[in-house]
Amino acid sequence: MRLVRVGAAGAETPGLLRGSDLVDASGFVRDFDGDFFSSGGVVALEAWADERASSLPLLSSVARIGPPIARPGKVVCIGLNYSDHAEESGMAVPTEPVVFMKGPDTVIGPYDDVHIPRNSTKTDYEVELGVVIGSTARYLDSHDEAAAVLAGYCVSHDVSEREFQLERGGQWDKGKSCETFNPLGPWLVTPDEVADPQALELTLDVNGEPRQRGTTATMIFSVLEVVRYVSQFMVLEPGDLLNTGTPPGVGMGRTPTAYLRVGDVVDLSVTGLGQQRQRFVPAP
């Protein structure tokens, strides 16, 4: 099943992508938020939609697509999770997952404009596999337990400002939590439609030029290991988002470096999870 939210920012209508149609799910659920996921809403929603397949109203196919989940309680990110990306960043391959946080208010729609922050000179791109948590997870013991708490997968763009992140002291969060720095979607795809999360291709282009090409098969720590590991240090709540790392080709790792500028257009995709496109604009 593919969950989608359509409409103006902050006033999105929950829907489903069924075939080529966007159908309105607001008759069943107010929003795709923590309450929805924690109540087992995904399974119930699918049954509800199947019963009404011929009568569900359609959502506009030209309206704005929002992030496929409501604002998450937290966004947890894994750094340097592809060995070749760690190498291009000049950093050691980690022996444990590198965990950092990103502001929940960074999450925007997959086609929304991204703001280049004031005084930024090193705004960078990172295509990632996003994982949404479907039920409360603490101290998970196995990958099977990790699989049981997943609501689904989505395309996530972990935009970064490298000077803020690496040259301004302190932790990485300053370069990760700028406004609009996490486009998400277009859909949340439930796990039954993703045969193997470790066999997905990731791509990112800037102004039509290929920049990132990678596969989740080369992750240092698998999706399920990331979920299991993070649950040892914090409680993962329904609706939380995990960004699982990026393959090589980021602007910081290129020679010469190739950071984003006002007017640049970035296209990105993950196999079976859809495509995104953002234009980079000045911060207001």
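None of these values were measured; they are calculated from a predicted model. (Residues numbered from 1 in each chain as written. Predicted model: local features only at pLDDT ≥ 70, side-chain atom pairs only at ≥ 80, totals over all residues. Heavy atoms only, no water.)

### Here's the deal with the nonpolar core
Leu129, Tyr153, Val227, Leu236, Leu242, Val270 and Leu273 are the most contacted members of the largest nonpolar core, which has 52 residues in total. Counting only elements with at least two residues in this core, the list comes to strand 1 (2-6), strand 4 (75-79), strand 7 (114-116), strand 9 (127-133), strand 10 (150-157), strand 14 (201-206), helix 6 (223-230) and strand 17 (265-270). Judged by nonpolar contacts, the second largest core, of 28 residues, contains Leu16, Phe36, Val107 and Leu241. (Core = buried A, V, L, I, M, F, W, Y, C linked by side-chain atoms within 4.5 Å. Buried < 20%, exposed > 50% of the residue type's maximum accessible area, 1.4 Å probe, protein only. Helix = DSSP H or I, 4+ residues; strand = E, 2+ residues; numbered from the N terminus.)

### What to know about the pattern of salt bridges
In this structure the tally under the stated criterion is 20 salt bridges. A salt bridge links Arg5 to Glu12, with the nearest nitrogen and oxygen atoms 3.2 Å apart. In this structure, Arg5 and Glu12 share a single accessibility class: buried. Between Arg64 and Asp112 there is a salt bridge, with the nearest N and O atoms lying 2.8 Å from each other. You can see Arg64 sitting in the loop between helix 2 (41-51) and strand 4 and its partner Asp112 sitting in the loop between strand 6 (107-108) and strand 7, a full 48 residues away along the chain. What makes Asp112 buried here is its relative accessible area of 18%. In this structure, a network of salt bridges that share partners links the residues Lys102, Asp124, Glu126, Asp158, Arg162 and Lys176. (Salt bridge = Lys/Arg side-chain N within 4 Å of Asp/Glu carboxyl O.)

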